[in-house]
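A structural walkthrough
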Amino acid sequence: MSYVDEVLEIVQKKNADQPEFLQAVTEVLDSLRPVIDANEELYRKNAILERITEPDRQIIFRVPWVDDKGQVQVNRAFRVQFNNAIGPYKGGLRLHPSVNLGIIKFLGFEQIFKNSLTTLPIGGGKGGCDFDPKGKSDREIMAFCQSFMTELCKYIGADVDVPAGDIGTGAREIGYMFGQFKRIRGSYEGVLTGKGLTYGGSLVRTEATGYGLLYLTEELMKCHGESMQGKTVCVSGAGNVAIYAIQKAHQMGAKVVTCSDSTGWIYDPDGIDVELLKDVKEVKRARLTEYAAARPNAQYHEGRGVWQIKCDIALPCATQNELLLEDAKQLVANGCKAVCEGANMPTTLDATKYLQENGVWFVGGKAANAGGVATSALEMSQNSERLSWSFDEVDAKLKNIMVTIYHNIDDAAKRYGVEGDYVAGANIAGFEKVVQAMLAQGVC
Ligand code: NDP
Ligand code: 2IT
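Residues numbered from 1 in each chain as written. Chains lettered and ligands numbered in written order. Predicted model: local features only at pLDDT ≥ 70, side-chain atom pairs only at ≥ 80, totals over all residues. Heavy atoms only, no water.

Re the site of ligand 1
Taken together, the neighbourhood of ligand 1 is formed by 26 residues, with Asp166, Thr209, Ser262, Arg287 and Asn344 sitting nearest. Taking Ala238, its main chain carries an N or O atom lying 2.9 Å from an oxygen atom of ligand 1. When ligand 1 is considered free in solution it has 890 Å² of accessible area, and contact with the protein chains removes 83% of it. Its residues assigned to classes, the shell around ligand 1 shows six nonpolar, 12 polar and eight charged. (Near = heavy atom within 4 Å. Polar contact = N/O pair within 3.5 Å; in protein donor to acceptor, adjacent residues only side chain to side chain. Areas by Shrake-Rupley, 256 points an atom, 1.4 Å probe, with all protein chains shown as cover. Nonpolar A, V, L, I, M, F, W, Y, C, P; charged D, E, K, R; others polar.)

Rendered as structure tokens:
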């Protein structure tokens, strides 16, 4: 049996109850086959694949907090420190009722390769909690964040592990967590990214994932003799990534006609009004029905459905496994040219395969959404030198990173004889740097 198959079998046996983690590992190891086969003896002897699929440590803790009625609530939280071969653990914190260990492990595992692709010195980690921020008062959010950080602060630090935002964790939550870290540890350091601009945050970090997604997509189009100008784009999600993806797509001359949240979706043939969307989602924290109510030509539909709208480019920006095989078939039938993932693992394995086999240029999240964590690493640099860079300076660095990522994954795919397979290219390019660092550092 090949080394890859052997390890896949072990990982499946050990993690049978973690489907998302198995999905992420299967995608990566399958696409690494040409690299592993070329170095099988060395990697097997050093148990590289066993080590890279087993987190350095997994921290699980209880988060008790008091709600507005005086009732004590209890949530379960996680921090998975996956691999620090190339830098301190780095990755977001997800606050959503669906959070469990398998989901945090899939996100932490992907973060190893994504962070390596940024070309910056950051390792892979992820955390989160099954806390549901929806409908909570500001005081409840603060109570939760303070309790969460009271435990988490034992395990993180600017040179150890640097968490950030993800689903349900934005500037407000990062602020409360930073305040509590500082209070307990007494250290004013760049321990979190996505901080507010008055206390060590970086310009462009808010916009970075969405903007970065579009910088990469534009380069992909350009390298295929196309541009963003005049293209119709379907976006899913209506959160941080989706909002700034829509904004940048419009700045590039494309028209985004859809967005969605966990209860419904919008088709707006005039193009999504980003300022209105920001007001509904960032300020009012309301449902998309409020968006539709303010736009006479926009349609609101319950449930899911953005991928049935005809488009040139699809950008899934909500959550994992939201673009299914039937959606892939619809996109192909509608003539979609490119799918680039703003979310983490939004496309199922069979949908990815279908898109690739039908000539759609498909760039997975590890490459396409790396702009967020890349700008987090730029925030860490600014914190270390105690300076802040201008918007244009950070934006130019972000753009350069995304264009470089595109060319690195394209080159890696070509080097291993799978030209145009950007999923394999990303996994290979991300893996190459991490494996060299692991081998150099010995058995650890
Ligand atoms: P937000 O919490 O800001 O927004 C998430 C959006 O997705 C919301 O519109 C939410 O709907 C929707 N959504 C969440 N869960 C579901 C679900 N189960 N079904 C349908 N819709 C859902 O998160 P982000 O925009 O930050 O994150 C979106 C994706 O991008 C995630 O996969 C995240 O891991 C990834 N990502 C984020 C980065 C960042 O810097 N923030 C960086 C790289 C990747 P509702 O409003 O109803 O909750
Ligand atoms: O999935 C991701 O890359 C993020 N949520 C951002 C992580 C970070 O550390 O900025």
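A short note on the site of ligand 2
Residues in contact with ligand 2 amount to 14 residues; listed here are only the nearest, Lys90, Gln111, Lys114, Arg205 and Ser376. Taking Arg205, its side chain carries an N or O atom lying 2.9 Å from an oxygen atom of ligand 2. Across the complex, the protein chains shield 93% of the 300 Å² of accessible surface that ligand 2 would expose by itself. If you list the elements that add at least two residues to the shell around ligand 2, you get β3 (89–95), α6 (101–117) and α16 (370–385). Here the residues of the shell around ligand 2 sort into two nonpolar, seven polar and five charged. (Helix = DSSP H or I, 4+ residues; strand = E, 2+ residues; numbered from the N terminus.)

Re helix α2 (residues 19–31)
Note that an α-helix has 3.6 residues per turn; residues three or four places apart therefore point the same way. Its 13 residues give α2 an end-to-end C-alpha distance of 18 Å, which sits within 8% of 18 Å, the value for a rise of 1.5 Å per residue. Burial runs high along α2: 10 of the 13 residues are buried. Where α2 is concerned, the buried positions are Glu20, Phe21, Leu22, Gln23, Ala24, Val25, Thr26, Val28, Leu29 and Ser31. (Expected span 1.5 Å × (residues − 1). Buried < 20%, exposed > 50% of the residue type's maximum accessible area, 1.4 Å probe, protein only.)

Thoughts on the sheet that holds strand β5 (residues 161–164)
The strand order β1-β2-β4-β3-β5 describes an open sheet built from five strands, whose pairing is mixed. The outermost strands of the open sheet, each flanked by one partner alone, are β1 (57–66) and β5. Looking at each pair of strands side by side, their axes are set apart by 20 degrees on average, direction ignored. Both strand β2 (residues 72–83) and strand β4 (residues 123–129) contribute to a ladder of six bridges, which runs antiparallel. (Pairing = 2+ DSSP bridges. Axes fitted to C-alpha atoms, helices over the stretch in contact; angles between N-to-C directions.)

Structural notes on the state of the cysteines
Counting across every chain of the model gives zero disulfides. Counting only cysteine sulfurs, Cys145 is the nearest neighbor of Cys153, a cysteine outside any disulfide, at a range of 14 Å. Classification of Cys153 by relative accessible area gives buried; the value is 3%. (Disulfide = S-S within 2.5 Å.)

Examining the sheet that holds strand β11 (residues 338–340)
If you walk across this open sheet you meet the seven strands as β9-β8-β7-β6-β10-β11-β12, and the pairing is mixed. At either margin of the open sheet sits one strand with a lone partner, and together these are β9 (299–302) and β12 (361–363). The mean inter-strand angle of the sheet, taken between neighbouring strand axes irrespective of direction, is 15 degrees. Here strand β6 (residues 232–236) runs beside strand β7 (residues 255–260); their pairing, made up of three bridges, is parallel.

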